[in-house]
Amino acid sequence: NHGDWQLGTYLNGLVGVQPDLPMSYAELARRAERTMSQEMWSYVAGGAGDERTQDANPLAFDAWGLVPRMLRGAADRDLSVHLLGRTLPTPLMLAPVGVIGLCEEDGHGDLTTARAAAATGVPMIASTLTQDPMEDVRAELGETPGWFQLYPPNDRELLESLVHRAEAAGFSAIVVTLDTLTLGWRPRDLQIASFPQLKGLCLQNYFSDPVFRSRLPKPPEEDVQAATGHWSSIFGNQRLTWDDLAWIRGLTGLPILLKGICSADDTRRAVDAGMDGIYCSNHGGRQANGGLPALDCLPEVVDAAGDLPVVFDSGVRSGPDVVKALALGATAVAIGRPYAYGLAVGGQAGIEHVLKCLLAEIDLTMAIDGYASVAELTRDALREVRVPR
Ligand code: FNR
């Protein structure tokens with residue numbers, strides 16, 4: 001049981017040994033803010049507009065309460081889930097976080113993240129915006145599944161190249177992110193006029209791409225500015241349509257999930273378009289402000305998805321949050337900022353610590369509330385809270 005190490009931590013305390021790494025999300029975020037450069041902190045912690053949607057994401061979990069059940073024999077918990085033909089040891093996933101490479105001083109945070117995923121068996125979804133080429137990231141994952149997240153560029157040949165590289169590298173699914181066809185209004189980044197990608201700091205995945213390189217008069221190593229300029233001209237793709245998705249569907253036999261889907265209608269369209277999964281998310285509130293908290297969208301997406309799996313993220317901060325999302329019908333639950341902060345404060349060990357704490361809290365919540373497996377977490381396990389805080 002993942003919660004068993006809790007006791008050891010208390011016993012260590014008896015002899016004056018305290019944990020080196022933060023035990024709560026609030027402390028983790030405080031430590032990350034102290035550790036990271038102002039530029040990176042603004043980039044990772046910030047969101048769209050006045051960040052009310054971002055702030056609403058974690059608060060939305062307070063609208064639901066778990067029904068505690070006693071004496072149901074939940075002494076041995078099974079946290080495994082089934083997703084796209086595989087059994088995963090836990091319901092957690094690492095959401096795609098572009099530029100996470102720079103949460104580490106040497107810029108190779110994507111490789112570190114992949115090592116943490118390999119060590120824990122928690123799948124990593126590698127962003128299009130990795131500092132290291134996707135092939136190197138995939139190699140670090142070993143046996144642990146990795147998915148490739150695609151920001152569809154405005155250059156079909158390049159898009160095709162990215163998808164085929166992902167296939168060849170051994171990624172087992174493609175996540176197409178649909179809520180970032182242009183960049184959101186992010187005052188924190190704008191205030192310090194910083195967007196790390198624009199400095200070409202985290203674009204090695206593009207810079208190593210043969211099609212991307214063929215578009216440049218000089219290799220990126222010789223003219224980073226021109227390469228970055230070209231990247232910014234093809235990154236956004238606001239005219240993307242469902243027809244383009246049909247074309248993308250035809251490019252690969254890998255399962256495709258659509259990220260950013262938050263409504264029943266779009267879920268049905270995704271099903272009709274032959275997609276293999278839905279990724280319900282509002283990008284952690286980084287893209288559009290004034291929207292619904294992602295958790296509020298989850299039930300209708302799950303209902304419309306039928307047999308398709310639904311991955312959920314945005315605002316997950318604790319074990320009970322994960323348990324609630326599962327009870328609302330998510331197949332797996334991903335985190336973004338929590339592990340980015342773990343990386344910033346403690347490298348690979350920091351990410352593993354964040355995952356270990358979350359898993360312990362999930363496990364102990366299920367133990368205390370009497371749910372022995374993820375399958376037992378259904379909507380009957382939840383009630384609406386009458387007076388949310
Ligand atoms: C992201 N996210 C993201 N999503 C994506 O599809 N591709 C990407 O490259 C990125 N990049 C990115 C950078 C940073 C710094 C953050 C914080 C997030 C969104 C991410 O996958 C996920 O949807 C959110 O992070 C989930 O919300 P929480 O857990 O951060 O609240």
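Nothing here was measured: the structure is a model prediction, and the numbers come from that model. (Residues numbered from 1 in each chain as written. Predicted model: local features only at pLDDT ≥ 70, side-chain atom pairs only at ≥ 80, totals over all residues. Heavy atoms only, no water.)

Describe the pattern of salt bridges, with residues and values.
If the charged atoms of two oppositely charged side chains come close together, the side chains can form a pair. In this structure the tally under the stated criterion is 15 salt bridges. In this structure, E27 and R30 form a salt bridge, with 3.1 Å as the shortest nitrogen-oxygen distance. Taken together, the residues span about one helical turn, with E27 and R30 both in helix α2 (residues 25-35) at a distance of three residues. Residue classification places R30 among the partly exposed positions, given a relative accessible area of 46%. Residue R165 is joined to D209 by a salt bridge in which the shortest nitrogen-to-oxygen separation is 2.9 Å. Taken together, the residues R165 in helix α7 (residues 156-169) and D209 in the loop between α9 (204-207) and α10 (210-214) connect sequence positions 44 residues apart. For the pair formed by R165 and D209, the shared burial category is buried. Taken together, the shared-partner salt bridges in this structure form one network comprising E135, R165 and D209. (Salt bridge = Lys/Arg side-chain N within 4 Å of Asp/Glu carboxyl O. Helix = DSSP H or I, 4+ residues; strand = E, 2+ residues; numbered from the N terminus. Buried < 20%, exposed > 50% of the residue type's maximum accessible area, 1.4 Å probe, protein only.)

Please give an account of the side chain of N57 that cites residues and values.
Mapped onto the elements of the fold, N57 is located in helix α4 (residues 52-59). A polar contact is formed between the side chain of N57 and the side chain of N282, at a distance of 2.9 Å. Beyond its immediate sequence surroundings of up to four residues, N57 is in contact with N282, G284, G285, P293, A294, S314 and G315. (Polar contact = N/O pair within 3.5 Å; in protein donor to acceptor, adjacent residues only side chain to side chain. Contact = heavy atoms within 4.5 Å.)

Provide a residue-level description of the site of the ligand, including the pertinent values.
Close to the ligand lie 23 residues, the nearest being P96, S127, Y151, T177 and R317. In the model, an oxygen atom of the ligand is placed 2.9 Å from a nitrogen or oxygen of the G315 main chain. Here an oxygen atom of the ligand sits 2.9 Å away from a polar atom, N or O, in the main chain of G336. When isolated, the ligand has an accessible area of 600 Å², and the protein chains bury 99% of it. Residue composition of the shell around the ligand, by class: eight nonpolar, 10 polar and five charged. (Near = heavy atom within 4 Å. Areas by Shrake-Rupley, 256 points an atom, 1.4 Å probe, with all protein chains shown as cover. Nonpolar A, V, L, I, M, F, W, Y, C, P; charged D, E, K, R; others polar.)

For the nonpolar core, give the residues involved together with the corresponding values.
Burial of nonpolar side chains together is a common tendency in soluble globular proteins. Y206, L298 and F312 are the most contacted members of the largest nonpolar core, which has 117 residues in total. With 13 residues, helix α16 (residues 337-369) is the largest single contributor of residues to this core. Excluding residues within four positions of it along the chain, Y206 makes contact with T128, L129, Y151, L158, L162, F212, W231, I234 and F235. (Core = buried A, V, L, I, M, F, W, Y, C linked by side-chain atoms within 4.5 Å.)

Explain the pairing of strand β9 (residues 277-280) to me, using residue names and the numbers behind them.
Of the two faces of β9, the one carrying G277 and Y279 and the one carrying I278 and C280 are both buried. Sheet topology note: the strand β8 (residues 256-259)/β9 ladder contains three bridges and is parallel. Each bridged residue has a counterpart across the sheet, and for L257 the counterpart in β9 is G277. In this fold, the crossover linking β8 to β9 by way of helix α13 (residues 264-272) has right-handed handedness. Across three bridges, the pairing between β9 and strand β10 (residues 310-312) is parallel. Paired with C280 across the strands is F312, a residue of β10. (Pairing = 2+ DSSP bridges. Right-handed = clockwise from strand over helix to strand, strands pointing away.)

Could you give an account of the UniProt feature "binding site: glyoxylate" (unreviewed entry) in the protein chain, naming the residues involved and the relevant values?
According to UniProt, the "binding site: glyoxylate" (unreviewed entry) feature falls on Y43, Y151, R186, H283 and R286. Summarising the element assignment, Y151 is placed in the loop between β6 (146-150) and α7. Once residues within four sequence positions are removed from consideration, Y151 is found in contact with T128, L129, T177, T180, Y206, F235 and H283. Within the secondary structure, H283 sits in the loop between β9 and α14 (294-305). Those residues in contact with H283, other than ones at most four positions away along the chain, are Y151, T177, D179, T180, K259 and S314. Engagement of the side chain of H283 in a polar contact is seen with the side chain of D179, the distance being 2.8 Å. (UniProt positions renumbered as here; feature names shortened; annotations may be inferred.)

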